[in-house]
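Analysis of the macromolecular model
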Amino acid sequence: MRPLIIAANWKMNTTPADAGELAATIASRTEEPGVIRVICPPYVCLAAVRDALAGKNISVGAQNVHHELAGAYTGEISAAQLAGLATWVILGHSERRRDQLESDELIGKKLARAISSGLRPILCVGELLAERESGRAVEVVATQLRGALAGKEMEALLNAGFVIAYEPVWAIGTGRTASAADAAAMADAIRATLSADLGWGDSAEVVPVLYGGSVTSANIADFLAEPAIDGGLVGGASLKPDEMAGMVASAAVTARARAAAEGKTA
Ligand code: PEP
């Protein structure tokens, strides 16, 4: 059974002065069994969030990492610098593909660094609106996956707890979501790419696929009702404790239902 995951991407929001309190509030409002919770604050808030979450069974993630461990890379942060601050990392977010022009090849290098450094990666993929409207969404996402995963050992990725987030670019921060059925179809297509194109076979079924794009407590149950979807990567709503409480509670219901269907306990 794949884990249920709710990952919060705080983007360029919060400060070291207020991030710890927000994280602690979210932690106390989201204590549910069977759901992996991850908070990804800005780099400068990582220490405050780590301290606030100590002993609370919520993981801390970074929103990016450089592919080199050290060197002349002004303004960048390496995996070595994240040691002790974060155990997860978001890679290939569409805002970085758009603003920092991150290519699939570069994202692949970051992915290699993440797994060799013990960071659990969430690899973001997703198509532009024009690409969906022209019927190319699956092809675009498959190209992103092949580009980032080329040359990577499947075992190393699986051991690192590799997670994929399907985030249609047109749904991020827009209030518009993919339909649950379309998101599930893409999750199936993602696993088919891993299984057939990349030769992962049945191991593709082990990889959690999250949906991201204007997820809220009001719509997450629609996505979680799809067996192919294992949680959410959440931006705007993840800054609101009430929203996080609702989303994690919904994921916990799903975790219990999926465990019961397999004769297990979440
Ligand atoms: C995101 O940042 O990955 C995201 C999906 O943002 P939002 O939930 O605000 O659309």
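A short tour of the structure in this document, coming up. (Residues numbered from 1 in each chain as written. Predicted model: local features only at pLDDT ≥ 70, side-chain atom pairs only at ≥ 80, totals over all residues. Heavy atoms only, no water.)

Close to the ligand lie 14 residues; Lys 11, Glu 167, Gly 173, Ser 214 and Gly 235 are nearest. Here an oxygen atom of the ligand and a side-chain polar atom of His 93 are 2.8 Å apart. Residue Ser 214 places a main-chain N or O atom 2.8 Å away from an oxygen atom belonging to the ligand. Protein contacts shield 96% of the accessible area of the ligand, which totals 290 Å² for the unbound molecule. (Near = heavy atom within 4 Å. Polar contact = N/O pair within 3.5 Å; in protein donor to acceptor, adjacent residues only side chain to side chain. Areas by Shrake-Rupley, 256 points an atom, 1.4 Å probe, with all protein chains shown as cover.)

Running from N to C, helix α1 (residues 19–29) and helix α11 (residues 241–261) cross one another at 35 degrees; their axes reach a closest spacing of 9 Å. In the crossing of α1 with α11, the sense of the turn from one axis to the other is right-handed. Seen from α1, the contacting residues are Leu 22, Thr 25, Ile 26 and Arg 29; seen from α11, they are Pro 241, Asp 242, Met 244 and Ala 245. Across the contact of α1 with α11, the residue classes break down as 5 nonpolar, 1 polar and 2 charged. (Axes fitted to C-alpha atoms, helices over the stretch in contact; angles between N-to-C directions. Helix = DSSP H or I, 4+ residues; strand = E, 2+ residues; numbered from the N terminus. Left-handed = near helix turned anticlockwise from the far one by under 90°. Contact = heavy atoms within 4.5 Å. Nonpolar A, V, L, I, M, F, W, Y, C, P; charged D, E, K, R; others polar.)

Another aspect to go through is the packing of α1 against helix α2 (residues 46–53). Running from amino to carboxyl end, α1 crosses α2 at an angle of 35 degrees, the nearest separation of the two axes being 8 Å. Read as a crossing pair, α1 and α2 show a hand that is right-handed. Contacts between α1 and α2 involve Ala 19, Gly 20, Ala 23, Ala 24 and Ala 27 from the first element and Ala 48, Val 49, Ala 52 and Leu 53 from the second. Its residues placed into classes, the contact of α1 with α2 shows 8 nonpolar, 1 polar and no charged.

A few words on the pattern of salt bridges. Counted by the stated rule, this structure contains 15 salt bridges. The salt bridge partner of Glu 205 is Arg 2, with a shortest N-O separation of 3.7 Å. A residue pair is termed long-range when its members are at least 10 positions apart, and Glu 205 in the loop between α9 (180–197) and β7 (209–212) and Arg 2 in the segment before β1 (4–9) qualify at 203 residues. According to the relative accessible area criterion, Arg 2 is buried, its value standing at 16%. As a salt-bridge pair, Arg 258 and Asp 230 come within 3.1 Å of each other at their nearest N and O atoms. Note that Arg 258 is positioned in helix α11 and Asp 230 in the loop between α10 (220–224) and β8 (231–234), a separation of 28 residues in sequence. Through salt bridges with shared partners, one network takes in Arg 2, Arg 191, Glu 205, Asp 230 and Arg 258. (Salt bridge = Lys/Arg side-chain N within 4 Å of Asp/Glu carboxyl O. Buried < 20%, exposed > 50% of the residue type's maximum accessible area, 1.4 Å probe, protein only.)

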